[in-house]
2 protein chains.
Amino acid sequence: MFTLVGLGLGDVKDITVRGLEAVRAADKVYLEAYTSFLIGCSVPALEEFYGRPIVVADRDMVESGVVLDEARAGQKAVLLVVGDVFGATTHSDLMVRCSEENIPTQVFHNASIINAVGCCGLQLYRFGQVLSLCFWTETWRPDSWYERLLSNRKAGIHTLLLLDIKVKEVSDENLARGRKVYEPPRYMTIHQALEQLKEVEANKQGGAIDSNTTYVGVARVGSATQQVVAGSLDELLAVDFGEPLHSLIVAGDIHECEEDHVKLFRATKA
Amino acid sequence: MFTLVGLGLGDVKDITVRGLEAVRAADKVYLEAYTSFLIGCSVPALEEFYGRPIVVADRDMVESGVVLDEARAGQKAVLLVVGDVFGATTHSDLMVRCSEENIPTQVFHNASIINAVGCCGLQLYRFGQVLSLCFWTETWRPDSWYERLLSNRKAGIHTLLLLDIKVKEVSDENLARGRKVYEPPRYMTIHQALEQLKEVEANKQGGAIDSNTTYVGVARVGSATQQVVAGSLDELLAVDFGEPLHSLIVAGDIHECEEDHVKLFRATKA
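If you're wondering where the values come from, they're calculated on a predicted model, not measured in any experiment.

The rules we used
- Going along each chain's sequence as written, the residues are numbered from 1 onward.
- Chain letters and ligand numbers both follow the written order, the letters beginning at A and the numbers at 1.
- Thresholds applied to this predicted model are a pLDDT of at least 70 for local features of residues and 80 or more for the giving and counting of side-chain atom pairs; totals over whole chains, interfaces and linings are not thresholded and use all residues.
- Side-chain calculation: all heavy atoms of the structure are included, whereas hydrogens and water are not.
- Put simply, DSSP H or I for four residues or longer makes a helix, DSSP E for two residues or longer makes a strand, and each gets a number counted from the N terminus.
- Atoms counted for the radius of gyration: C-alpha only. Globule rule: 2.2 Å times the number of residues to the power 0.38.
- Buried residues are those whose accessible area, probed at 1.4 Å on protein chains only, stays under 20% of the maximum for their type, while exposed residues exceed 50% and partly exposed ones sit between those limits.
- The contact criterion used throughout is that any non-hydrogen atoms of two residues lie within 4.5 Å.
- Methods summary: accessible areas were calculated by the Shrake-Rupley approach with a probe of 1.4 Å, and residue burial reflects only the protein chains presented.
- UniProt positions are given in the numbering used here, feature names are shortened, and annotations may be inferred rather than shown by experiment.
- As used here, buried area is the combined drop in accessible area, with a 1.4 Å probe, of two parts when they are placed together.
- Any carboxyl oxygen of Asp or Glu within 4 Å of a side-chain nitrogen of Lys or Arg constitutes a salt bridge here.
- Among buried residues, the Ala, Val, Leu, Ile, Met, Phe, Trp, Tyr and Cys ones that are joined through side-chain atoms within 4.5 Å form a nonpolar core.
- By the convention used here, strands pair only if DSSP detects at least 2 bridges between them.
- With axes taken as lines fitted to C-alpha atoms, and helix axes fitted only over the stretch in contact, angles between N-to-C directions fall between 0 and 180 degrees.
- Least-squares fitting of one copy onto the other uses the C-alpha atoms of those residues that reach a pLDDT of at least 70 in both copies.

**Q** Mind showing me how you'd approach the overall build of chain A here?
**A** In terms of helices and strands, chain A carries 11 helices and 12 strands. For 270 residues, the compact-globule estimate of 2.2 N^0.38 gives 18 Å, and chain A sits close to it at 20 Å. Along the first, second and third principal axes, the C-alpha set of chain A runs to 60 × 50 × 35 Å. Within chain A, the fraction of its 270 residues that count as buried is 54%. A separation of at least 24 residues holds for 74% of the contacts in chain A among residues at least 6 apart in sequence. Accessible area of chain A: about 11600 Å², with a carbon and sulfur share of 49%.

Below is the structure:
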């Protein structure tokens, strides 16, 4: 049996009761640690709460299918995933492999930023396609998200921007020398995302954002230190959003019932 | 303290550990029972698992703010919400009232169909705006979702259709006679949704759906009896999806990595 268990948003106790039972009954417990980031806890804290050792699975271990070895041998393996379980194609790929190899599977869902973003007061059914912003390099500055942001904006709907996470990166220099030395993890901040939005708009001038646009910055959603601030680009640039993870919403038209909730988070109170 | 606790998708044990702790520590526990539906359990089953009595709160109790009474008096009140907590504007409204009345709040998120739909193999970041289909009556046949479906389809992205739930309805006759007699609850089926799609397309002929469109019907997502079937409109009409809740996805362009997963659920195997 191969079981995917969503961990939810942060705290060790954000796991569901069924998820916890599966973890405690497992022969082997993996934590997928490269498509997201544990916000409010650590691997030792999880191990203590579960009473089970955890193997941190990096990209190689997940994509090579090593995490399926115990399940292939008829044992119970659990892969813990931060947020919900199907946020990344790699988890779909594991389900496909299990089907091909006749390994039974189970899934225990949990909250992810995709639904928890409702905490900012904008209604989930008024969000368009989710977009991802990547860290830019000197030679690679992707901005293909712009057209989709523009399309959401023209439709008057909100856009959740997921901000880049870089873990276990190897620098160009170390890569050239064949050294598997990892850079410290990096998490894109709301400020970096706002600067990217501003720069791409200045280049494209399609009107996806303008001086009247409302942004909502959300940091560490679901944790005790959750932070939500709504305002203009400059207002949000003046806010210290603290530790990761950050996400950013570009609001579309804000309905009256939404504004009643959003105004609780306005940088400038009316 | 007023605490919103998401129950997740079905099973009594889909609550998170933190959510369960809040329920067990509460002075009063309400269940919001009109915007969604408990799939895999019943109120007595929840009461037994929690060891706490539950007051089922209907629309009147929630919208009038009666559910805040204990929290106003300094006690701990929990409102249980099926799925995640911010799926309906009424829950946002409660947060606003708490802020106005200086009642402290807490939120424990959980899975909802909005993210759990990833189980069908289509990637969450390739979904556009979520749409809701309503039961039609003789005089009220809303189809304003059509333009948004068309817009998602033109953008090549997927559309999750949430299907109507009618609980505690009073018939026109009983309404006219002033009798508060409730009709049995009704849940729109995948078949009903497909028929509605077909009819609106036939009227509007915008090309939001055509004979090549892939649909994915999902029933009781997250429960032990979860059912996922992908196929053409006629293929899905031939499937018995069983008990509620049902949801329907109109697929956009299906990427290769998505198709590998979706094909596990195809009505007709290639």
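**Q** Which parts of the structure should I look at to understand the UniProt feature "binding site: S-adenosyl-L-methionine" (unreviewed entry) in chain A?
**A** Cross-referencing UniProt, the feature "binding site: S-adenosyl-L-methionine" (unreviewed entry) maps to L9(A), D84(A), G87(A), S112(A), I113(A), L163(A), V221(A) and H246(A) in the present numbering. Take S112(A): it is sitting in the loop between strand 5 (105–108) and helix 6 (113–116). Among all residues touching S112(A), those that are not within four sequence positions of it are L9(A), G83(A), D84(A) and N115(B). By the secondary structure assignment, L163(A) is in strand 7 (residues 159–163). Leave out the neighbours within four places in its chain, and L163(A) touches L133(A), M188(A), T189(A), I190(A), A193(A), H246(A) and S247(A).

**Q** Teacher, can you tell me more about the interface of chain B and chain A here?
**A** Quite often, the size of an interface is put as the accessible area lost when its parts meet. Listed per partner, the contact involves 45 residues of chain B and 45 residues of chain A. Each partner contributes to the roughly 3700 Å² buried at the junction of chain B and chain A, and carbon and sulfur atoms together form 58% of this total. If you look at where chain B meets chain A, you find four salt bridges. The partner of R18(B) in a salt bridge is D14(A), with the nearest N and O atoms 2.8 Å apart.

**Q** Explain the nonpolar core here, please?
**A** One broad rule of soluble globular proteins: the nonpolar side chains tend to lie buried together. The biggest cluster of nonpolar side chains holds 84 residues, and the ones touching the most others in it are F2(A), V67(A), I249(A), F2(B), V67(B) and I249(B). I190(A), L197(A), L236(A) and L248(A) belong to the second-largest nonpolar core, a separate cluster that totals 27 residues.

**Q** Mind showing me how you'd approach the sheet that holds strand 12 (residues 246–250) of chain B here?
**A** Hydrogen bonds along the backbone pair up the strands of a sheet, which may run parallel or antiparallel. Residue and element names in this part refer to chain B. Spatially, five strands are ordered 6-7-12-10-11 in an open sheet, and the strand pairing comes out mixed. Where the open sheet ends on each side, the last strands, each with one partner, are strand 6 (131–133) and strand 11 (227–231). Adjacent strand axes in the sheet meet at a mean angle of 20 degrees when their direction is disregarded. The sheet contact formed by strand 6 and strand 7 (residues 159–163) spans three bridges and is parallel.

**Q** Please explain the relation of the copies chain B and chain A as it appears in this structure.
**A** The two chain copies are related to each other by a rotation about an axis together with a translation along it. Mapping chain B onto chain A is achieved by rotating through 180 degrees and translating by 0.0 Å along the same axis, at an RMSD of 0.0 Å. Taken together, the rotation angle and the small translation identify this as a two-fold axis. Taken as a fraction of all interface residues of chain B, those also at the interface in chain A reach 100%, which identifies the copy contact as same-surface.

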